[in-house]
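Results of the structural survey
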Amino acid sequence: MPSHNYAPTREDKFAFGLWCLQNRGRDPFGDQTRPELPALECIKGLAQRNCYGFEFHDNDIVPFGAPAAQRDQIVKDVKRATGDWGIKATMATTNNFYHPIFKDGAFTSTDPAIRAFATQKVMNAIDVGAELGAQVFVFWGGREGVEVDASKDPVEAGKWFREALNFLCEYVIANNYDMKFSIEPKPNEPRGDLYLPTVGSVLAFIATLDHPEMCGINPETAHIKMAGLNPYHEFAQALDAGKLLDVHLNGQKPLRFDQDLSFGSDDLKEAFFTVKLLSDHKYEGTIGFDCHPYRSESDPWDFVDRNLRTFKIMKDKVRQYNENKEIQGLLKEIHGANPGHRGLMAKYSKDQAKKLKEMSFDPNSLASRKLPYEKLDQLVTELLLGVL
């Protein structure tokens, strides 16, 4: 396939977090290696690369503690720029983790004044997001956790978190904002343990909210792998529940610190199946990237191009997979066993239960069926390596 066919288009619905481009290459052992780009320069660069949208924390565009007049002018400038450059603000969120006030949590701080301040900060960020047209507002609880279990009762902390989200849902409703909330799970870092560490825990939490219909999940590849789980399965659980509102794609070596590597840089097969899942199940949200350039880079643009191109290549690999006769033949064989037994448990009835109980099965015969998974996996490997 010609190289230019992998160039991004607005129809791909790609989006990047401004914080990714503004990352200065600092780490716990080294100072910054590049200057921070102004928000408007980031947005313009994304628009020039045909990105559909950008994502932002409140303080990515408005400095912490900025007076109202400064805030209004900044938002006005960003809004004008998005119209001029044809790019959308697709997701907003709040930086409730950087300032020392949040050292022991925002919504789950033991200090009710801090919980109130955090909620106030989110309301202001929601206003900015709504003004810029963002329809998804993400909650990443970067400080919502503990190092010392004796410090908090996790049941009480969950109540505080729930209280804040219920209040904020009502705020959105009262202001007639076209916006949904999305919770981003992470198992740890920067806290020793974070609340709501996985997709499953977030699904359970959403079910306890006053407005579960307004809330969904924003899974991130790296966070999932930090927990030792499979991104393909975690994304699938959110999709199956109808709660996949946004995605954050990146790369990560399992069980390490949050590396935020470029998408596909660490595991091509994993990247392939993530793209396949989103394509096969017709995910309609934005394709968001939350990763950082290597600190050896002087600017973020090769990094941006790399992520967009990898996704496009993987999407083409999905097409090849779906059209490959040998792969599809194996899948037909694997899934073609005993067609007469399909749908037996689709709907319960006493007659159906009686029929099932009276059926005769030969376990040894069923166990003897060959499953050519080595061959199937090798074909996927060869497809990704360009052999097929």
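The preceding data block contains the structure.
Rules behind the numbers
Residues numbered from 1 in each chain as written. Predicted model: local features only at pLDDT ≥ 70, side-chain atom pairs only at ≥ 80, totals over all residues. Heavy atoms only, no water. 1 Å grid on protein atoms, 1.4 Å probe; cavity = no way out; pocket = protein on both sides within 12 Å on 5 of 7 lines; lining within 4 Å. Points joined across faces, edges and corners; volume = space filled by probe spheres on them. Nonpolar A, V, L, I, M, F, W, Y, C, P; charged D, E, K, R; others polar. Helix = DSSP H or I, 4+ residues; strand = E, 2+ residues; numbered from the N terminus. Patch = residues over 30% accessible without salt bridge, like charges linked within 9 Å, V, L, I, M, F, W, Y side chains within 5 Å. Areas by Shrake-Rupley, 256 points an atom, 1.4 Å probe, with all protein chains shown as cover. Salt bridge = Lys/Arg side-chain N within 4 Å of Asp/Glu carboxyl O. Buried < 20%, exposed > 50% of the residue type's maximum accessible area, 1.4 Å probe, protein only. Contact = heavy atoms within 4.5 Å. Axes fitted to C-alpha atoms, helices over the stretch in contact; angles between N-to-C directions. Parallel < 35°, antiparallel > 145°, perpendicular 65-115°, else oblique. Left-handed = near helix turned anticlockwise from the far one by under 90°.

**Thoughts on empty space enclosed by the protein**
In the structure shown here, the tally under the stated rule is four cavities of 30 Å³ or more. Considering the residues around the largest cavity, the lining is formed by 14 residues, among which T94, N96, F107, F139 and W140 are closest to the centre. Each residue belonging to the lining of the largest cavity can be placed in one class, and the counts come to eight nonpolar, five polar and one charged.

**As for unusual backbone geometry**
Between E189 and P190 the backbone carries a cis peptide bond, its omega angle lying at 15 degrees. Here P190 shows up in the loop between β6 (180–184) and β7 (193–194).

**So, a nonpolar patch on the surface**
Taken together, the side chains of M345, L356, F361 and L366 present a nonpolar region at the surface, about 400 Å² in accessible area. Mapped onto the elements, F361 comes out in the loop between α13 (350–358) and α14 (363–367). Its relative accessible area of 43% is what places F361 among the partly exposed residues.

**Section: the environment of R191**
One can find R191 in the loop between β6 and β7. Along the sequence, R191 and K355 sit 164 residues apart, while their C-alpha atoms lie 54 Å from each other. What R191 contacts, discounting residues up to four positions off in sequence, is K103, D104, G105, G142, R143, G145, V146, E147 and K152.

**Some thoughts on the packing of helix α7 (residues 199–206) against helix α9 (residues 231–240)**
At their nearest, the axes of α7 and α9 sit 9 Å apart, and the two run at 20 degrees to each other. The angle between the axes of α7 and α9 places the two elements in the roughly parallel class. Handedness of the crossing formed by α7 with α9: right-handed. Contacts from V199, G200 and L203 in α7 reach E234, Q237 and A238 in α9. A class-by-class count of the residues in the contact of α7 with α9 yields three nonpolar, two polar and one charged.

So, to be careful, I would describe these as geometric facts and stop short of saying anything about function.
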